[in-house]
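Report on the structure
This is what each chain is made of:
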Amino acid sequence: MTDQLISNFKLTEEQCAQWESDGYLIVRGLFDSHQVEQLKQTMQNIADKGEAVPGWQPLIDVKQYDTEVVGVDQLGDVLKRYPRFLHPHRYLDLPREMMLDPRVHDVLLQITGEEPVACQSMYYFKPCGAKGQALHQDNLYLQVEPNTCYAAWTAIDPVTPENGGLYVVPGSHTLDTQCPTLADETQSFTTALVDIPKGMKAIPTVMQPGDVLFFNGQIIHGSGMNRSKTLWRRSFICHYMPKTSKCVSEFYFPIVGFDGSELTYEKSQAGGPCGEEFKDKIPSSYSY
Ligand SMILES: O=C(O)CCC(=O)C(=O)O
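The structure presented is a predicted model; accordingly, all values stated were derived computationally and were not measured.

Notes on the overall build of the chain
Helix and strand counts for the chain stand at seven helices and 16 strands. In terms of overall dimensions, the chain is globule-like: its C-alpha atoms have a radius of gyration of 18 Å, near the 19 Å expected for 288 residues. In terms of principal-axis extent, the alpha carbons of the chain reach across some 55 × 45 × 35 Å. Evaluated residue by residue, the chain yields a buried proportion of 44% over its 288 residues. Across the chain, contacts joining residues at least 24 apart in sequence account for 83% of those joining residues at least 6 apart.

Below you can see the structure in the form of structure tokens.
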């Protein structure tokens, strides 16, 4: 273990117990406001410029979108202007630093009992009016075996149900991966919808910038539309898996250790980007 991996970030017994019973845990203020603000500015500068960079590409003519008064009806939803940024840790220092933050390592180690390794990062802009992501389980996409994947979802803006905050279904981490049905395309930019099992319910998360929601890859979770007229809901999302797992979808290669090393795993048979998008709406030139 290198110095980088030692933060001595300790969870309380109550936090560990909540993880065990619910399958998720919010660690308040894990990232400080300076780091969060820096990430927000870095990503916003890229997106506002509107030019494709590795990992991010607008799905519409940005000049037209930004200069003409056009609405959702003319150019489609705002996520075409501000789609999610995939794998920013591969191209930018700060997302990589945050993905491999020793405190994140220590939380994952304590809650999973396993040495974690990083699979991916994503940055969601979720501007006002943006669609959400229907209820789903992440391991449908990552296909980590044995065991499952784990997410660390960092709030960049204040998060409420109104601006499209995440909902989680406590206790659903005990379920196998469920067979999804088709989501409502008017509400969700991704296709899969997992029904809430009988006796369980989805509860909203309320978070402040820098708070990190950790959740098990079997947890049913998702978000609604951003209905706020003024507040974006940006988030930085990373996925991890136990170092001892054998395979994962190749979309996530290379897997990265917390010491920065690139690790080799077998390919799972299926899987892909976390949340398959309604593809017929994505131009064929678009590549992740
Ligand atoms: O942030 C969201 O709205 C959804 C993110 C999510 O569900 C995921 O990363 O798996």
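Notes on the site of the ligand
Close to the ligand lie Tyr-124, Gly-132, Gln-133, Asp-138, Leu-166, His-221, Gly-222, Ser-223, Ser-235, Ile-237, Cys-274 and Gly-275, which account for all nearby residues. Contributions of two or more residues to the shell around the ligand are made by strand E11 (221–223) and strand E12 (235–242). With three residues, the single largest contributor to the shell around the ligand is E11. Of the residues assigned to the shell around the ligand, the class counts are four nonpolar, seven polar and one charged.

Comments concerning the nonpolar core
Ranked by size, the top nonpolar core spans 70 residues in total, and within it Ala-118, Cys-119, Leu-142, Phe-214, Tyr-240 and Met-241 carry the most contacts. The element contributing the most residues to this core is strand E3 (residues 116–124), with six residues. Discounting chain neighbours no more than four positions away, the residues touching Ala-118 are Met-99, Leu-100, Cys-238, Tyr-240, Ile-255 and Val-256.

Some details on the environment of Ala-52
Its location among the elements puts Ala-52 in the loop between helix H2 (33–49) and helix H3 (62–67). Owing to 14 C-beta atoms within 10 Å, Ala-52 belongs among the partly exposed residues under this scheme. If we ignore the near neighbours within four places in the chain, the residues touching Ala-52 are Gln-57 and Pro-58.

With respect to the sheet that holds strand E6 (residues 166–168)
Reading across from one edge, E4-E11-E6-E9 is the order of the four strands in this open sheet, with antiparallel pairing throughout. The open sheet is flanked by strand E4 (133–136) and strand E9 (203–204), the only strands paired with a single partner. Direction of pairing for E6 relative to E11: antiparallel, over a ladder of three bridges. When the sheet's bridge partners are listed, Val-168 is paired in E11 with His-221.

Quick notes on the environment of Ala-47
Looking at where Ala-47 falls in the secondary structure, it is placed in helix H2. Ala-47 sits 20 residues away from Val-27 along the chain, and the two C-alpha atoms are 28 Å apart. Aside from chain neighbours lying at most four places away, what touches Ala-47 is Tyr-82 and Phe-125.

Cut-off values and rules
- Residues numbered from 1 in each chain as written.
- Predicted model: local features only at pLDDT ≥ 70, side-chain atom pairs only at ≥ 80, totals over all residues.
- Helix = DSSP H or I, 4+ residues; strand = E, 2+ residues; numbered from the N terminus.
- Rg over C-alpha atoms; globule rule 2.2 N^0.38 Å.
- Buried ≥ 20, exposed ≤ 12 C-beta atoms within 10 Å, placed from the backbone.
- Contact = placed C-beta atoms within 7 Å.
- Near = placed C-beta within 6 Å.
- Nonpolar A, V, L, I, M, F, W, Y, C, P; charged D, E, K, R; others polar.
- Core = buried A, V, L, I, M, F, W, Y, C linked by C-beta atoms within 7 Å.
- Pairing = 2+ DSSP bridges.

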